[in-house]
Amino acid sequence: MTKTMVNEQPPRIDFRQARWSRVGVPLFVTYFICFMDRTNISVASPHLAEELQLSAAAMGVVFSAFFWGYVLSGMPAGAWANRGHAKTIIVVCMVIIGLAAGLTGVVHNYPVLLAARVVLGLAEGAIFPAFAVMFISWFPSRERGLAVALTMYTVPLSAAVMAPLSGWLIDLANWRAMFIIQAIPAILVAVWLHFAVTERPEDNPHLSDEERDYIVTTRTVETADESTLLQVFARPTVWLLALVYFFWAMGIYALTLWLPTVIGDLTGEGSLMVGLLTAIPFLCGTVAMYVVTKAAVTTGRSLGYFIAPCIGLSGAAMLAQHFIDLGVAFSFAMLVLSAGSIYAALALWWTWVMQIVPRNQAGASVGFVNLCGNFGGLVGPLLIGLVATEGNTASGFWIVGVGILIAATVVMVVDARRTRSQALEQSL
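Residues numbered from 1 in each chain as written. Predicted model: local features only at pLDDT ≥ 70, side-chain atom pairs only at ≥ 80, totals over all residues. Heavy atoms only, no water.

A. Region of interest: the nonpolar core. By size, the foremost hydrophobic cluster in this structure holds 137 residues, and its most contacted members are Met 94, Trp 248, Ile 307 and Trp 349. Ignoring any residue separated from it by four or fewer positions in sequence, one finds Trp 248 in contact with Ile 307, Ile 311, Ile 342, Ala 345, Leu 346 and Trp 349. (Core = buried A, V, L, I, M, F, W, Y, C linked by side-chain atoms within 4.5 Å. Buried < 20%, exposed > 50% of the residue type's maximum accessible area, 1.4 Å probe, protein only. Contact = heavy atoms within 4.5 Å.)

Following this line, the structure appears as structure tokens:
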């Protein structure tokens, strides 16, 4: 190991650098808005279901319909983004997201509602592959994981902001106005991105020559070579990672989309109070993500050492919420624990995955694992809706909890095998 490598400082976010202030921030805001428009239906669902006379099973289909579109658009969008169209994809899709989200506020029948959610999913499914291309173009290899981790903070944070804001708008006006008002920022962000962000750092006049040269010369260091899906499918570890992310994403979206309804069932409160209570688990998730990520970086231990207990705790809390009846306060505490811990290690996940798979298979492996996670997002909300009993929407969460515990077990097995392999290599 060279002296330069020993003295090299870990990457950090510095908003004085144009790549963070002029690209990192806009992409963070974009993904924040995406998740708000993806999940605000969770707060509106009791009112929407009542007006359109939809059962819990029908609402489960509505929640999962988003992922029907989401799983279809990712791979084509990634291929198009690689041809130099990442920014265009993001801008166009943000406009479509705004229009589809606004359309949800004017629907009067079930088929149109499903269509609006599918279109929203198609647009959002194209966003992250385009983001990946922008990350590769704009960030040095050693900073890329940090940029992705920053983006992951939008998942719990957007839900924490969205829930009370949506509840307040519903109480102030109605659920239709909420969808229309919250659709506007997506279109405004599209305009901002069009004028403020360039496809490549080489085309951005706000970068200094020094920063531009640094990005261009370091962005391909340790970047994975191309690989085929056939090579990926031949690796059992990739299938195990896909299984983990399937169950993990199933839990994330089951909680995110059904939590306001569950809290409403528990407390009987109005939209604003339900929104405020819903924000608590997601705020805990945001804080937990920061604490766990910092601990992982500080201790230098295997990332799997942190991922497994976090998601395992979430699954255990879901089981406790279902099988232990100690009143409303206990049930709410278990929901806070399950939602908070399920997000805690999310910022570490993709870094861990890319540490495990071979470099020349990283791109295809990540794409496959992410696709399986999207199917988990399709199954989780639908499953909760299908098994929910009247007045107890949370009755199906224990099934999701079992899946998450399986995911935690698989993480421990994969991480133990990797740790033993590394120890053996060091001993030789």
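B. Representation of the packing of helix 3 (residues 41-52) against helix 12 (residues 236-267) in the model. Look at helix 3 against helix 12: their axes get within 7 Å of each other, and the N-to-C directions meet at 45 degrees. As the angle between them shows, helix 3 and helix 12 are arranged oblique. Read as a crossing pair, helix 3 and helix 12 show a hand that is right-handed. Between helix 3, through Ile 41, Ser 42, Val 43, Ser 45 and Pro 46, and helix 12, the contact on the second element is made entirely by Thr 256, Leu 257, Pro 260 and Thr 261. Of the residues that constitute the contact of helix 3 with helix 12, the class distribution is five nonpolar, four polar and no charged. (Axes fitted to C-alpha atoms, helices over the stretch in contact; angles between N-to-C directions. Helix = DSSP H or I, 4+ residues; strand = E, 2+ residues; numbered from the N terminus. Parallel < 35°, antiparallel > 145°, perpendicular 65-115°, else oblique. Left-handed = near helix turned anticlockwise from the far one by under 90°. Nonpolar A, V, L, I, M, F, W, Y, C, P; charged D, E, K, R; others polar.)

C. The pattern of salt bridges, seen in detail. Applying the stated criterion across every chain yields a total of seven salt bridges. The salt bridge involving Arg 19 is made with Glu 211; its shortest N-O contact spans 3.1 Å. Remark: Glu 211 occurs in helix 10 (residues 209-218) and Arg 19 occurs in helix 2 (residues 18-39); sequence separation between them is 192 residues. Neither Arg 19 nor Glu 211 differs from the other in exposure class; each is buried. We note a salt bridge from Asp 209 to Arg 212, for which the minimum N-O separation is 3.1 Å. Linking Asp 209 with Arg 212, this pair stays in helix 10, spanning three residues, or about one helical turn. Accessibility expressed as a relative area gives 15% for Arg 212, which makes it buried. Salt bridges linked by common partners bring Arg 19, Glu 143 and Glu 211 together as one network. (Salt bridge = Lys/Arg side-chain N within 4 Å of Asp/Glu carboxyl O.)

D. Fine view of the packing of aromatic side chains. The tally for this structure, following the rule as stated, stands at 23 aromatic pairs. Their ring planes at 75 degrees and their centres at 5.4 Å tell us that Phe 246 and Phe 247 sit as a pair that is edge-to-face. Aromatic rings pair up to connect Trp 20, Tyr 31, Phe 35, Phe 128, Phe 131, Phe 135 and Phe 139 into one cluster. One residue, Arg 38, lies across the ring of Phe 35, its end atom 4.0 Å from the ring centre. Directly above the aromatic system of Tyr 305 lies the positively charged group of Arg 301, at a separation of 3.7 Å from the ring centroid. (Phe/Tyr/Trp six-rings, centres within 6.5 Å; stacked < 30°, edge-to-face > 60°. Lys NZ or Arg CZ within 6 Å of the ring centre and 35° of its normal.)

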